[in-house]
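Chains, contacts and geometry: an overview
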Amino acid sequence: MLEQEIIRMIKEEALENHVPIIQDESLELLLTILDIAKPNKILEIGTAVGYSAICFSKYLSGKEAKIKTIEKNEEMYQKAIQNIQKLHLEDKIEVIHDDATVYLEGLKEDNTYDVIFIDAAKGQYLKFLKEAIRLAKVGGIIIADNVLFKGRVLSDYNEHKHRTATNRLRTYLKMIEEDERLHSTLVKIGDGIAISIVQNK
Ligand SMILES: C[S@@+](CC[C@H](N)C(=O)[O-])C[C@H]1O[C@@H](n2cnc3c(N)ncnc32)[C@H](O)[C@@H]1O
């Protein structure tokens, strides 16, 4: 089977099973950024079934180039491993089975990542941002998906169960705007994408 056909089937299966994979228009933007950045090292927080990491892998630059992606859910992790094997991408994509809040604290790869994609629990984006700034190179790009949380971040009223995540995402947007180490922009496509370039540390 052709590679593109396998990727299409991974996407369809994920959508059928209500796995929240990246939206098409957001993916298009990210792939354009990767095409410009030509990354050698990508870190992804939130693998799900490996769909975004598989799409990103085509844009790695250099023989040793790699994606490290972190997933805490056992079932998702197993599915991601299977999908990556189907496409023979094991040497390009390393899936870590762990809680990223714990794993990242112990990851001693400071100043080495070209691109970091934050796409996991919204309530933890602030922790992820702190570690992402440490792990990114100067000139590196930190991208966070779902920062508008289906419009809730811009809305005056939200159901109680969504308030903590909504407030934390608002803080995330405020922090990336005010942090002098970053040059950030919010792109209102998909579920909202925040892009931050690490200018200095
Ligand atoms: C939005 S999905 C990722 C989608 C994937 N990036 C894609 O576009 O194909 C979020 C994933 O993050 C995982 N996750 C949530 N919190 C996490 C954490 N603290 N550490 C690792 N994975 C986490 C969830 O289990 C879920 O599979």
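The structure reproduced in this document is the subject of the present report. (Residues numbered from 1 in each chain as written. Predicted model: local features only at pLDDT ≥ 70, side-chain atom pairs only at ≥ 80, totals over all residues. Heavy atoms only, no water.)

**Focus: the packing of aromatic side chains**
Here the structure, examined in full by the defined rule, presents three aromatic pairs. Between the aromatic rings of Phe 56 and Phe 117, the centroid separation amounts to 5.5 Å while the plane-to-plane angle is 75°, which identifies the pairing as edge-to-face. You can see Phe 56 sitting in helix H3 (residues 51–57) and its partner Phe 117 sitting in strand S4 (residues 113–118), a full 61 residues away along the chain. Like Phe 56, the residue Phe 117 is buried in the burial classification. Taken together, a centroid distance of 6.4 Å and an interplanar angle of 50° make the contact between Tyr 125 and Phe 128 tilted. With Tyr 125 and Phe 128 both in helix H6 (residues 125–135) and three residues apart, this pair spans about one turn of that helix. Here Tyr 125 falls in the buried class, since its relative accessible area comes to 1%. Among the aromatic residues, those joined into a cluster by ring pairs are Tyr 125, Phe 128 and Tyr 172. (Phe/Tyr/Trp six-rings, centres within 6.5 Å; stacked < 30°, edge-to-face > 60°. Helix = DSSP H or I, 4+ residues; strand = E, 2+ residues; numbered from the N terminus. Buried < 20%, exposed > 50% of the residue type's maximum accessible area, 1.4 Å probe, protein only.)

**Details of the site of the ligand**
Surrounding the ligand, one finds 22 residues, the nearest of these being Ile 22, Gly 46, Glu 71, Ala 100 and Asp 119. At 2.8 Å, a backbone N or O of Ile 22 approaches an oxygen atom of the ligand. Surface burial for the ligand is 90%, taken as the share of its 610 Å² of free accessible area covered by protein chains. Where the shell around the ligand is concerned, the elements lending two or more residues are H3 and strand S2 (66–71). Taken together, the residues of the shell around the ligand sort by class into 11 nonpolar, five polar and six charged. (Near = heavy atom within 4 Å. Polar contact = N/O pair within 3.5 Å; in protein donor to acceptor, adjacent residues only side chain to side chain. Areas by Shrake-Rupley, 256 points an atom, 1.4 Å probe, with all protein chains shown as cover. Nonpolar A, V, L, I, M, F, W, Y, C, P; charged D, E, K, R; others polar.)

**Topic: the side chain of Glu 131**
With respect to the secondary-structure elements, Glu 131 resides in helix H6. There is a polar contact of 2.7 Å between the side chain of Glu 131 and the side chain of Arg 134. When near neighbours in sequence (up to four residues on either side) are disregarded, Glu 131 contacts Leu 104 and Glu 105. (Contact = heavy atoms within 4.5 Å.)

**Quick word on the pairing of strand S5 (residues 136–145)**
Most of S5 sits inside the fold, with seven of its 10 residues counted as buried. For the crossover from S4 across H6 to S5, the handedness is right-handed. (Right-handed = clockwise from strand over helix to strand, strands pointing away.)

**Quick word on the pattern of salt bridges**
A complete count under the given rule lists 15 salt bridges for this structure. Beyond isolated ion pairs, a larger network of salt bridges with shared partners links Lys 41, Lys 68, Glu 94 and Glu 109. (Salt bridge = Lys/Arg side-chain N within 4 Å of Asp/Glu carboxyl O.)

**Thoughts on helix H7 (residues 160–178)**
Between its first and last C-alpha, H7 extends 28 Å over 19 residues, near the 27 Å set by a 1.5 Å rise per residue. If you check which residues of H7 are buried, you get His 162, Ala 165, Thr 166, Leu 169, Tyr 172, Leu 173 and Ile 176. (Expected span 1.5 Å × (residues − 1).)

**Re the sheet that holds strand S7 (residues 193–198)**
The strands making up a sheet associate through backbone hydrogen bonding, with each pair oriented either parallel or antiparallel. The seven strands lie next to each other as S3-S2-S1-S4-S5-S7-S6, forming an open sheet whose pairing is mixed. On the outer flanks of this sheet lie strand S3 (93–97) and strand S6 (182–187), each paired with one strand and no other. For this sheet, the mean angle separating the axes of adjacent strands, direction not counted, is 15°. Of the pairings in the sheet, the one linking S6 to S7 comprises six bridges and is antiparallel in character. Bridge pairing links His 183 to Ile 197 in S7. On top of the sheet, H6 reaches strand S1 (41–45), S4, S5 and S6; it is set at about 160° to S5, its chief contact. (Pairing = 2+ DSSP bridges. Axes fitted to C-alpha atoms, helices over the stretch in contact; angles between N-to-C directions.)

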